[in-house]
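# Topology and contacts: notes
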Amino acid sequence: MINERTRKKIAREHSRRLNAGDVDALLELYAPDAAFEDPVGAGRRTGHRALREHFGTAVAGHLRETVEDTVVGQDGAHVLSRITAVMDYHPRGPVYAERGWLPAPGAAEPSALRCHHALLLRVGESGLIEDMRAYWGRPDLEVSAGGPAGPFRGPADIPPAEAALRQLPYTYARRLEAGDVAGTVALFSDDVVFEDPVGRMKLRGKEALSSHVAHGSAGKVNEILGRPVSSMDGRFVVIRGDARIFVPEKMRMRMITICELDEEGLGVHIQGFWGITDTTFGDAVPDPGR
């Protein structure tokens, strides 16, 4: 089993090698038959040849990633980072515009592109990445006419379904903090699967979830949420959070949660990623570098 600190080191090294433009070194982190989907909803691909092509276009666009936070699952395999990437508009911008992910450029073509995303890596027992999934949707793409320094602008309008998708984590946190157990549970399907944290707890169904929500409400859970990202298939929203529990003792957790929704907008699978290295007790502050 690959421990938490090792998985975080692999995730940081992944961004470092990509920023350095060293595709050969980046591929050394991946198993030969690794699968990936970037963005989620655009179709999965497999193997080093496909990975080389994928990362090669990022390097050609002088991509630079800023890692905002990295957390782990308690399953001995997963590590999840919240990242903002800035790159030249070419070569990916025109491709994204052709797919309808970006508006067609006007007379003055943008010079830079920014993407907010969450990168989920599954690391095997060999220490190599076996699966990579990048979560981002159309609202997570922004363009700039002023180059990498910005300012960047996103889409003028977000479709109602997408807006509702991205609102779900805020509604959940607001209802939970207010002690509205029934209202919180109503956000999920009857057969919901709830993992919090991944690798330690898996609840199935609303009855089990209701007990968990009531326990969290009694513990006076308070969560400060960051900027959500979604997916190209409209099924997922991913959000970074800073959660605090005050009863029976003060505990703080850095976490990133992946929420999968059904066609009715109800949560069907919730995965909360946070590890021992993402948790502190008392007044200590979690160290992102651990």
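Relevant structure appears above.
Quick notes on the rules
- Residues numbered from 1 in each chain as written.
- Predicted model: local features only at pLDDT ≥ 70, side-chain atom pairs only at ≥ 80, totals over all residues.
- Heavy atoms only, no water.
- Helix = DSSP H or I, 4+ residues; strand = E, 2+ residues; numbered from the N terminus.
- Expected span 1.5 Å × (residues − 1).
- Buried < 20%, exposed > 50% of the residue type's maximum accessible area, 1.4 Å probe, protein only.
- Arc of directions from axis to C-beta.
- Contact = heavy atoms within 4.5 Å.
- Phe/Tyr/Trp six-rings, centres within 6.5 Å; stacked < 30°, edge-to-face > 60°.
- Pairing = 2+ DSSP bridges.
- Salt bridge = Lys/Arg side-chain N within 4 Å of Asp/Glu carboxyl O.

Quick look at helix α3 (residues 48–60) now. The first and last C-alpha atoms of α3 sit 18 Å apart over 13 residues, in line with the 18 Å expected at 1.5 Å per residue. Considered for burial, the residues of α3 that qualify are A50, L51, H54, F55 and A58. Burial along α3 is one-sided: seen end-on, the buried residues are contained in an arc of 115°. Opposite the buried face of α3, at more than 90 degrees from it, the exposed residues are R49 and E53. In this structure, the buried side of α3 is in contact with α1 (4–19), α2 (23–27), β1 (30–37), β2 (45–46), α4 (92–99) and β6 (129–135). Of the residues one or two after α3, H62 is the one with positive phi, at around 55°.

With the rule as written, the count across this model stands at seven aromatic pairs. Where Y96 meets W136, the ring centres are 5.5 Å apart and the plane angle is 55°; that geometry is what we call tilted. One end of the pair, Y96, is in helix α4; the other, W136, is in the loop between β6 and β7 (141–144), and 40 residues separate them in sequence. Their ring planes at 70° and their centres at 5.5 Å tell us that Y135 and F236 sit as a pair that is edge-to-face. Separated by 101 residues along the polypeptide, Y135 in strand β6 and F236 in strand β11 (residues 236–245) bring together distant segments of the chain. Taking relative accessible area as the criterion, F236 reaches 10% and is therefore assigned buried. Among the aromatic residues, those joined into a cluster by ring pairs are Y96, W101 and W136.

With an omega dihedral of 5°, the bond running from H90 to P91 counts as a cis peptide bond. Here P91 is to be found in the loop between β4 (78–88) and α4. Cis geometry is found at the peptide bond from D196 to P197, where omega equals 5°. Residue position: P197 is located in the loop between β8 (188–195) and β9 (203–204). Positive phi outside glycine occurs at H62, with the angle close to 55°. Along the chain, the position of H62 falls in the loop between α3 and β3 (64–72).

In this section: the pairing of β11. Among the 10 residues in β11, eight count as buried, and that is most of the element. Examined bridge by bridge, strand β10 (residues 222–225) and β11 share four bridges and lie antiparallel to one another. Its bridge partner being in β11, E223 is matched across the sheet by A243. Across 10 bridges, the pairing between β11 and strand β12 (residues 251–261) is antiparallel. By the bridge assignment for β12, I245 is matched with M251.

Within this structure, the stated rule accounts for 25 salt bridges. A salt bridge links R52 to D24; its shortest N-O distance comes to 2.8 Å. Placement of R52 in helix α3 and of D24 in helix α2 is noted, with a sequence separation of 28 residues between them. Residue classification places D24 among the partly exposed positions, given a relative accessible area of 46%.

So, about the pairing of strand β5 (residues 112–123). Judged by how many residues are buried, β5 sits mostly within the fold: 10 of 12 residues are covered. By the bridge criterion, four bridges tie β5 to β7 in an arrangement that is antiparallel. Its bridge partner lying in β7, A112 is registered against S144. Pairing between β5 and β6: six bridges, direction antiparallel. Opposite R122, over in β6, you have D131 as the bridge partner. The hairpin turn running from β5 into β6, its antiparallel successor, is five residues long, and G127 in that turn takes a positive phi close to 90°.

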